[in-house]
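# An overview of the molecular structure
Listed here are the chains, written in short residue letters.
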Amino acid sequence: MLPELENVRFTAAGETLDVLPSYSGVYRFFGADEALLYIGKSIDIKSRINAHYQEGRKVGRHQRIMGQVTHIDCSPTAGEVGALLAENAAIKAETPLYNRRQRRVKKLWTLHLKHSEQGFLQPSAADFLLESDRAVDSYGLYQNKRHIESTLQRHARDHGLCLRCMGMDRGRGPCFQYQLGRCDGACAGAESAEEHNARLLSALDRDRIAAWPFPGALALLERNVSPLPQQPKAQYHLVHHWAYLGTFATRSEATRELKKGCQRLFDRDGYHLLLSALRKGRLEILDAKSGQTVDNPLLGSGRDS
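Keep in mind that this is a model prediction, so the values were computed, not measured. What you see as residue numbers is a count from 1 along each chain, following the sequence as written. Confidence filtering applies because this is a predicted model: local features only for residues at pLDDT of at least 70, side-chain atom pairs given and counted only at 80 or more, and all residues used for totals across whole chains, interfaces and linings. Where side-chain values are given, they derive from all heavy atoms of the structure, hydrogens and water being excluded.

## Brief notes about the sheet that holds strand S12 (residues 243-248)
- Read from one edge to the other, the open sheet built from 4 strands follows the order S12-S11-S10-S13, with strand pairing classed as antiparallel. The open sheet has two free edges, formed respectively by S12 and strand S13 (284-287), since each of these has just one partner strand. Strand after strand, the sheet turns through a mean of 25 degrees between neighbouring axes, direction not considered.
- Two strands are said to pair when DSSP picks up at least two bridges between them. Elements are defined by DSSP. Helices are runs of H or I of four residues or more, strands are runs of E of two residues or more, and each kind is numbered from the N terminus. Taken together, the 6 bridges between strand S10 (residues 218-223) and strand S11 (residues 234-240) define a ladder with antiparallel strand orientation. Looking across to S11, one finds that Leu218 is bridged to Val239. Angular values range over 0 to 180 degrees, each being the angle between N-to-C directions of two axes fitted as lines to C-alpha atoms, with helices fitted over their stretch in contact.

## So, the pattern of salt bridges
- Any Lys or Arg side-chain nitrogen located within 4 Å of an Asp or Glu carboxyl oxygen qualifies as a salt bridge. Counted according to the given criterion, the structure contains 16 salt bridges.
- With a shortest N-O distance of 3.4 Å, Asp169 and Arg164 are connected by a salt bridge.
- Between buried and exposed lies partly exposed: a residue is buried under 20% and exposed over 50% of the maximum accessible area for its type, with that area taken using a 1.4 Å probe on protein chains only. By relative accessible area, which is 17% here, Arg164 ends up buried.
- A salt bridge links Arg199 to Glu191, with the shortest nitrogen-to-oxygen separation between them at 2.7 Å.

## Some thoughts on the side chain of Asp267
- Considering the arrangement of structural elements, one finds Asp267 in the loop between helix H7 (251-259) and helix H8 (268-279).
- Take Asp267: its relative accessible area is 13%, and that puts it in the buried class.
- Polar contacts, as counted here, are pairs of nitrogen or oxygen atoms within 3.5 Å of one another; within protein the pair requires one atom able to donate a hydrogen and one able to accept it, and residues that are adjacent in sequence qualify only if both atoms are side-chain atoms. Here Gly270 takes part through its backbone nitrogen, which lies 2.6 Å from a polar atom of the side chain of Asp267.

## A word on helix H6 (residues 193-204)
- Expected span of a helix: the number of residues minus one, times 1.5 Å. Along its 12 residues, H6 runs 16 Å from first to last C-alpha, staying within 8% of the 16 Å computed at 1.5 Å per residue.
- Three or more residues of H6 are buried, namely Ala193, His196, Asn197, Leu200, Ala203 and Leu204. For H6, the buried positions fall inside an angular range of 125 degrees around the axis, keeping them on one side. In H6, those exposed residues whose orientation departs by more than 90 degrees from the buried face are Glu194 and Ser202.
- Against strand S6 (109-115), strand S7 (121-127), strand S8 (138-142), helix H4 (145-159) and strand S9 (208-209) lie the buried residues of H6. The directions from the helix axis to the C-beta atoms form the arc being described. A contact between two residues is defined here by any heavy atoms of the two lying within 4.5 Å.

Structure follows, in structure tokens:
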């Protein structure tokens, strides 16, 4: 054991530990009066915490943090996905002193796409309600409409898109940007709506928030074929419309939680974690209510988030 850890208390689920565990999970650093200092995650908690203290030997911010730690609490997970989801949710719910985190905002805007009579996709600003269903694809999260407009103008400039065809410039015939050589000419008949739409979708794809592609809530089963002592063999991550609703030891526990009508809040970081895990096929997908296996339409699609 590192000498820095000799006076630090270790616990898990309220029980005192003699040594730090090597399972995957979430860990919390507490200081004087049990003030929550930091939340982290790892596939090997013991190795990660030792690394924290090794880094803390250098003068700087990390040394100041580690010098305050008097208690380390560990929460095991069946695997890495559960650790990622639990850490992300815990940081935002518990607001530890030293974690870098994004603040939740009450008001966000996004982009939806619709076709014009001429077949061109036109972006329009829409409220992004954190509690709403994800029934259609959205593109980006913005603090205000001005940010949306500047983003679209930048995409138009960088990709030769036509602001007039996108519904952002009134008038008929070739637009002014085409005359300056900055528009590839969709407004002048130099390219088809399909070609223009493809470039617009490519420009927006990086910020796409996919519609929820499943008929209902999911219980995402994560297994561990070789669990360490006190580590779960399996866990069920309850998810609905990209909102992470918690991790449970059994599907029946997850189902009971779902029946409570728990609040669904979209979280951008959680969305990317789930999307990446589903694309990589790292979890078994079950219908949260029936327990039936659900096909994964995202397997192998797109790039990793």
